[in-house]
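Structural overview for review
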Amino acid sequence: MKTVVVTRHAGLVEYLLDIGVITDGEFELHSHATPEVVEGKDVIGVLPHSLSCLTTSFTEVPMRIPAELRGEELTLEHMRQYASEPVTYFIARK
């Protein structure tokens, strides 16, 4: 099963490749998450809890983005500067 990456930001994909979290050709890229896209899969990105609870695992890359860059397209260099270590969660829905 391929890892699913949910993002509209090319800089995040480059960063995940750069730090070895994903391997080229071994992930599915989606700009928007739906239950069908994430259910039962290992997912990296930003998801609401209503979707993250459907995943096998959910990984986020915490960001410390300065206010002036919010809403802007982030480059690989921005990601290297502002990203924290990825954190993986295993979420159960009751």
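Presented here is an overview of the structure given in this document.

Inspection of helix 1 (residues 10-18) places Gly11, Leu12, Val13, Tyr15 and Leu16 among the buried residues, and these make up the whole buried set. Turning to helix 1, the residues buried within the fold contact strand 1 (3-6), strand 2 (27-30), strand 3 (42-45) and helix 4 (76-82). Gly20 sits one or two residues past helix 1 and shows a positive phi near 80°.

Further remarks concern the pairing of strand 1. Summarising the sheet, strand 1 and strand 2 pair through four bridges and their orientation is parallel. Considered in strand 2, the bridge of Val6 is made with His30. After leaving strand 1, the chain enters helix 1 and then returns to the sheet as strand 2, a path that is right-handed. Judged from the three bridges that link them, strand 1 and strand 3 form a sheet pairing that is parallel. Bridge assignment links Val5 to a residue of strand 3, and that residue is Ile44.

Conventions and cut-offs
- Residues numbered from 1 in each chain as written.
- Predicted model: local features only at pLDDT ≥ 70, side-chain atom pairs only at ≥ 80, totals over all residues.
- Heavy atoms only, no water.
- Buried < 20%, exposed > 50% of the residue type's maximum accessible area, 1.4 Å probe, protein only.
- Helix = DSSP H or I, 4+ residues; strand = E, 2+ residues; numbered from the N terminus.
- Contact = heavy atoms within 4.5 Å.
- Pairing = 2+ DSSP bridges.
- Right-handed = clockwise from strand over helix to strand, strands pointing away.

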